[in-house]
Amino acid sequence: MISFKAPSNIALVKYWGKKGEQLPANPSVSFTLTHCYTETSVAYQQRSSLAIPPTEKFSFTFNFEGEAKPSFHPKINTFFQRILPYLPFLTDYHFTINSHNSFPHSSGIASSASAMAALSLCLMQVAQELGMNFTQDQFWQQASLLARLGSGSACRSTHGSIVVWGQHASIPHSTDQYGIPYPLPVHPIFDQYQDTILLIDKGQKQVSSTLGHNLMHGHPFAQARFAQAHQNTDKLIQCFATGDLETFIQVVESEALTLHAMMQTSIPYFILMRPNTLEVIQHVWQYRKSTSIPLCFTLDAGANVHLLYPKKYKEEVQKYIQDVLAPYCEGKHYIHDCLNTNP
Ligand code: DP6
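This section reports on the structure supplied with the text. (Residues numbered from 1 in each chain as written. Predicted model: local features only at pLDDT ≥ 70, side-chain atom pairs only at ≥ 80, totals over all residues. Heavy atoms only, no water.)

### Examining helix 8 (residues 314–325)
Turning to step 1, where the next piece is worked out: Those residues of helix 8 lying buried are V317, Q318, Y320, I321 and L325. In a view along the axis of helix 8, the buried residues occupy a sector of 155 degrees, so they form one face of it. Exposed side chains of helix 8 directed beyond 90 degrees from the buried face belong to E315 and K319.
Turning to step 2, where the next piece is worked out: Tucked into the core, helix 8 has its buried residues touching strand 10 (194–198), helix 7 (275–291), strand 12 (305–309) and strand 13 (334–338). (Buried < 20%, exposed > 50% of the residue type's maximum accessible area, 1.4 Å probe, protein only. Helix = DSSP H or I, 4+ residues; strand = E, 2+ residues; numbered from the N terminus. Arc of directions from axis to C-beta. Contact = heavy atoms within 4.5 Å.)

What follows is the structure, encoded as structure tokens:
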């Protein structure tokens, strides 16, 4: 049996908008997390050895946290169909896939990135066992490429600490095809950079990200937004090199608000922040002003807030979160995580 863990990731420069087959409209940069992950195992047997060979093109069973989940089958079928050109053996075997998350399923934390990354890593390992040869680099690159075909942001969850996905002029070897570990200098202030996820709303997402990305086609601000992502990536490169947290905060918060601004100005339009999202943002700004502690926020396509801060402020920020921000979270729930500096 093959098993892999893949962590969640939080984008600093956001992927929002795609082209072609799961290619990003702009480069994105993310922190790979440490404690929030999906662990997936895969067992496989030749279909011809089964008593009753199934009639479907792909044959698999999928269990999530110990329970059969047929509702996930269409997504896995689509994924297998997309990756078949890379893994032609997929039609010859029956796969038993077991998966669980380290974080509560109902937390509102998107798990498609870690889930697709873990499954892709398992399937790459199957490929190797079945005699396909890869160098180390090829293994990681193709695992990320397959994950991308499952869910774009998943390609940033297979390998690395800070990860870049999408071609960017200043980042050597960056490509739209797969995520790469960030190859340029990183100041030690970013070691184990903290990310506390405030669970503002544990409900289902109001808009699927696939639908959301599509709304960037014909969006009046799309081209300016894609250009801005390139510029913000350039700014981040400087921040990573120098440890300039003032600019880092400006880029990260602006990216989060721009992502939501894009959703609010598409047709149809969505507001995914909740009143407590805004309350928390106001508190973060006040706290930063009054303490000079470089606490900032980012958002994904939902109401939850990721709070980012250097490890050296961990104690006081976490006390502040517990005392002041926890009441804005559903059930006062939040999760402390950090950048996985040694993946
Ligand atoms: C807002 O990767 O979930 O989290 O490729 O359609 O599966 P699909 O989309 P997905 O989009 C994530 C968008 C985001 C920003 C980001 O993670 O960069």
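### Points about the pattern of salt bridges
Close approach of charged atoms allows side chains of opposite charge to pair.
Turning to step 1, where the next piece is worked out: Inspection of the entire model under this criterion finds five salt bridges.
Turning to step 2, where the next piece is worked out: Across the pair R225 and E255 runs a salt bridge, and its minimum N-O distance is 2.8 Å. Residue R225 is located in helix 5 (residues 222–242), and its partner E255 is located in helix 6 (residues 245–264); the two are separated by 30 residues in the primary sequence. The two residues R225 and E255 agree in class, both being buried.
Turning to step 3, where the next piece is worked out: Residue E253 pairs with R288 through a salt bridge whose shortest N-O separation is 2.8 Å. Separated by 35 residues along the polypeptide, E253 in helix 6 and R288 in helix 7 bring together distant segments of the chain. (Salt bridge = Lys/Arg side-chain N within 4 Å of Asp/Glu carboxyl O.)

### Details of the site of the ligand
Turning to step 1, where the next piece is worked out: Near the ligand, the surroundings consist of 15 residues, among which Y15, S151, G152, S153 and R156 are the closest.
Turning to step 2, where the next piece is worked out: The side chain of S151 places a nitrogen or oxygen atom 2.6 Å from an oxygen atom of the ligand.
Turning to step 3, where the next piece is worked out: Bound to the protein, the ligand loses 92% of the 460 Å² it would expose on its own.
Turning to step 4, where the next piece is worked out: Among the elements that line the shell around the ligand, the one with the most residues is helix 4 (residues 209–214), at three residues.
Turning to step 5, where the next piece is worked out: Of the residues belonging to the shell around the ligand, the class tally is five nonpolar, seven polar and three charged.
Turning to step 6, where the next piece is worked out: When residues are assigned to domains, the shell around the ligand turns out to be shared by domain 1 (2–181) and domain 2 (198–338), each giving three or more. (Near = heavy atom within 4 Å. Polar contact = N/O pair within 3.5 Å; in protein donor to acceptor, adjacent residues only side chain to side chain. Areas by Shrake-Rupley, 256 points an atom, 1.4 Å probe, with all protein chains shown as cover. Nonpolar A, V, L, I, M, F, W, Y, C, P; charged D, E, K, R; others polar. Domains from an automatic or database assignment.)

### Some remarks on the packing of helix 1 (residues 73–83) against helix 3 (residues 136–150)
Turning to step 1, where the next piece is worked out: Where helix 1 contacts helix 3, the two axes come as close as 9 Å, and the packing angle between them is 135 degrees. By the angle between their directions, the pair helix 1 and helix 3 is classed as oblique. Seen from above, helix 1 lies across helix 3 with right-handed handedness. Residue-level contacts link K75, F79, R82 and I83 of helix 1 to L146, L149 and G150 of helix 3.
Turning to step 2, where the next piece is worked out: Across the contact of helix 1 with helix 3, the residue classes tally to four nonpolar, one polar and two charged. (Axes fitted to C-alpha atoms, helices over the stretch in contact; angles between N-to-C directions. Parallel < 35°, antiparallel > 145°, perpendicular 65-115°, else oblique. Left-handed = near helix turned anticlockwise from the far one by under 90°.)

### Digging into the packing of helix 2 (residues 112–129) against helix 3
Turning to step 1, where the next piece is worked out: Contact geometry for helix 2 and helix 3: axes closest at 8 Å, N-to-C directions at 130 degrees. In this view, helix 2 runs oblique relative to helix 3, as classed from their interaxial angle. In this structure, the crossing between helix 2 and helix 3 has a hand that is right-handed. Contacts from M116, A117, S120, L121, M124, Q125 and Q128 of helix 2 reach helix 3 at Q138, F139, W140, Q142, A143, L146, A147 and G150.
Turning to step 2, where the next piece is worked out: Along the lines of polarity and charge, the residues of the contact of helix 2 with helix 3 split into nine nonpolar, six polar and no charged.

### Here's the deal with the sheet that holds strand 12
Turning to step 1, where the next piece is worked out: The strand order across the open sheet formed by four strands is 11-12-10-13, and the pairing between neighbours is antiparallel. The strands lining the two open edges of the sheet, one partner per strand, are strand 11 (296–299) and strand 13. When strand polarity is set aside, the average angle formed by the axes of neighbouring strands in this sheet is 25 degrees.
Turning to step 2, where the next piece is worked out: In the sheet, strand 10 pairs with strand 13 via five bridges, with the strands oriented antiparallel. When the sheet's bridge partners are listed, L198 is paired in strand 13 with Y334. (Pairing = 2+ DSSP bridges.)

Note that all results are geometric; they support no functional claim without further evidence.
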